[in-house]
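Single-letter residue listing:
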Amino acid sequence: MPSSSNSPLRLLQWIVICVIVISGVQFKIHRNAQTFAQGNTPKNNIPMRQGSPFKIALFADLHFGEDAWMDWGPIQDVNSVKVMSTVLDKEKPDFVIYLGDVITANNIMIKNASLYWDQAVSPTRAKGIPWASVFGNHDDASFEWPMEWFSATGIPHLHCPAPSTSDAGAEDCSFRGTTRLELMKSETEHNTLSYSMNGPKNLWPSVSNYVHKLSSSSDSEAAVAYMYFFDSGGGSYPEVISSAQVNWFQQKSAEVNPDARIPEIIFWHIPSKEYKNVAPRFDARKHCIGSMFMEDVAAQEAEMGIMKVLEERHSVKAIFVGHNHGLDWCCPYKKLWLCFARHTGYGGYGNWSRGARILDINQQPFSLKSWIRMEDGNVHSEVILSS
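Every value quoted in this text rests on a predicted model; they were computed, and no experiment measured them.

## Quick notes on the sheet that holds strand β5 (residues 210-215)
- Taken together, the 7 strands give an open sheet; going across it, the order is β1-β5-β6-β7-β8-β10-β9, and neighbouring strands pair in mixed fashion. Strand pairing shows two members of the sheet lacking a second neighbour, β1 (45-47) and β9 (330-333), which therefore form its edges. Taken over all neighbouring pairs, the strand axes of this sheet differ in orientation by 20° on average, direction set aside.
- The pairing of strand β8 (residues 316-321) with strand β10 (residues 336-340) spans 4 bridges and is classified as parallel. Considered in β10, the bridge of A318 is made with W337.

Laid out in C-alpha cells, this is it:
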C-alpha cells in the first residue's frame, strides 16, 4: 500500500490548499489596493477605515545591502525582514512609512541598488499594506571602497552578482550608486501600493517632498489629518532641509489647510537641531517618553527655517525622525512633539533591540497616540501626542 505522502488524493489536497492560500494572499493585496486606489480617488488621498483608528508603522534605518560580499550582510537583511514581519503581524497597521536609510548605498556595489530597496519593502507589499517612503543620508551615498579588498588576503570571493544574461556582465558591477530619482522611480513604477512621490523639480536635489491627506471614512473630501514628507538630505548632498523646502511647505499648507484647522503630522529622516536642545544625552527632561537615550542627537548640518515655521503653526502636532539608532524618545517642544522612531533594521550601527514606532490616529474626536512595538512582541513608551 503506498504511503499517504504519495497518495494522489493527498497530492490533490495539497494542491487545493496551495491554490486557496495563494488566492487569499492575492485577494488581500487586490482588496487593499482597491481600498486605497479605487475610482477617481487621488493618489495623495488616503482613506480611513470605517469605525477604526488609522494605524501607521514606522520602519526606520533598515540599512539593507550592507557587506553583501560577506555572510554577515545578507543575514542582517533576513533578520530585518523578520522584524518588520513581526511588527506587521502584531499591529496589523493600515499604512507603513519607511523613514529613511532603507539601504546602505555606500556598501552596495551593484548597478541597481533598487534591488535591495525592493527587498526592504517586500514584507509590507506581501501583506497588501500601502506605504510611503522618505530618503535618508545613506540611501544614495557614494560607494566606499573597503580597504581590505586591496590586501593579499582581503579580496572577497564575490564582488558582484553573476550576470543574468550573456552580455550583462560588465553592467552588473559599476560601483556608481543609484540616485534618489532612480530609486523613487523604481519603487513607484513597480508597486501599486506605494504612495511615495517625487517632490517639485525646483526642490532638486531634494526628492521625497510631498503631502498626503488622511480622509474621513464617510467623506473622502473631508480631511482628518495631513501628513507631510520631507527629504532631509545627506548622501549626494548636504544634510539639510533647504529654504526652498520651507517655502514649499508654506505654500502647500496654505493651499490644502489654509486656516490650519486640520491636524498636521511631519516625517523626515535626520533630526533638526532643536532635537539636541530638547533632550540632551543622559539628561532627558522629565516630560520625555522613551526607553533609549543612549547617544547624542546627530542633527542636520544647518537650520534653514523649517522649525520656526512648524513651531508657529498650531496645527502641527508632531515630527517623526530616524537616523539615531540609540534613541526612541518623544519629547514635548513648545506646542508640538519631537519624536524618534525605533531602529528597525539589523543593518547599521548599534546592537540595541529592534522594533518600530506605531502611530494611532483617531478621527472623532481627533487624537494621536504612539508606542513602540519590539521584535520580541513587547510594547512600551506609550504616549498621547494630541487629543
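Having seen the model, we can carry on.
## Structural notes on the pairing of β5
- Across the 6 residues that make up β5, a large majority, 6, are buried.
- Neither face of β5 is exposed, since Y210, H212 and L214 on one face and V211, K213 and S215 on the opposite face are all buried.
- Two elements, β1 and β5, share 3 bridges in a ladder whose sense is parallel. Looking at the pairing, P47 lines up with S215 of β5.
- As paired strands, β5 and strand β6 (residues 223-229) are joined by 6 bridges and run antiparallel to one another. Following the sheet pairing, V211 is matched in β6 by Y228.

## Structural notes on the state of the cysteines
- Counted under the stated rule, the structure contains 2 disulfides.
- The residue that forms a disulfide with C288 is C331, at a sulfur-sulfur distance of 2.0 Å. Negative torsions about the S-S bond denote left-handed disulfides, and the value of about 115° found for C288 with C331 makes this one right-handed. With a gap of 43 residues between them, C288 in the loop between α6 (274-278) and α7 (306-311) and C331 in strand β9 connect regions that are remote in the sequence. Exposure class is identical for C288 and C331. Each is buried.

## Side note on helix α5 (residues 243-256)
- Over its 14 residues, α5 extends 20 Å from the first C-alpha to the last, a length consistent with the 20 Å expected when each residue adds 1.5 Å.
- Of all the positions in α5, only Q245, V246, W248, F249 and S253 are classed as buried. Looking down the long axis of α5, one finds its buried residues gathered within 160° of arc, a one-sided arrangement. Across from the buried face of α5, at angles greater than 90 degrees, the exposed residues are Q251 and E255.
- Tucked inside the fold, the buried residues of α5 contact β5, β6, β7 (264-267), α7 and β8.

## Digging into the pairing of β10
- Burial runs high along β10: 5 of the 5 residues are buried.
- Neither face of β10 is open: one carries L336, L338 and F340, the other W337 and C339, and all of them are buried.
- Both β9 and β10 contribute to a ladder of 4 bridges, which runs antiparallel. For C330, the partnering residue across the bridge sits in β10 and is C339.
- A loop of 2 residues connects β9 with β10, the two strands running antiparallel in sequence, and K334 in this loop sits at a positive phi of about 55°.

What counts, and at which threshold
- Residues numbered from 1 in each chain as written.
- Predicted model: local features only at pLDDT ≥ 70, side-chain atom pairs only at ≥ 80, totals over all residues.
- Heavy atoms only, no water.
- Pairing = 2+ DSSP bridges.
- Helix = DSSP H or I, 4+ residues; strand = E, 2+ residues; numbered from the N terminus.
- Axes fitted to C-alpha atoms, helices over the stretch in contact; angles between N-to-C directions.
- Buried < 20%, exposed > 50% of the residue type's maximum accessible area, 1.4 Å probe, protein only.
- Disulfide = S-S within 2.5 Å.
- Expected span 1.5 Å × (residues − 1).
- Arc of directions from axis to C-beta.
- Contact = heavy atoms within 4.5 Å.

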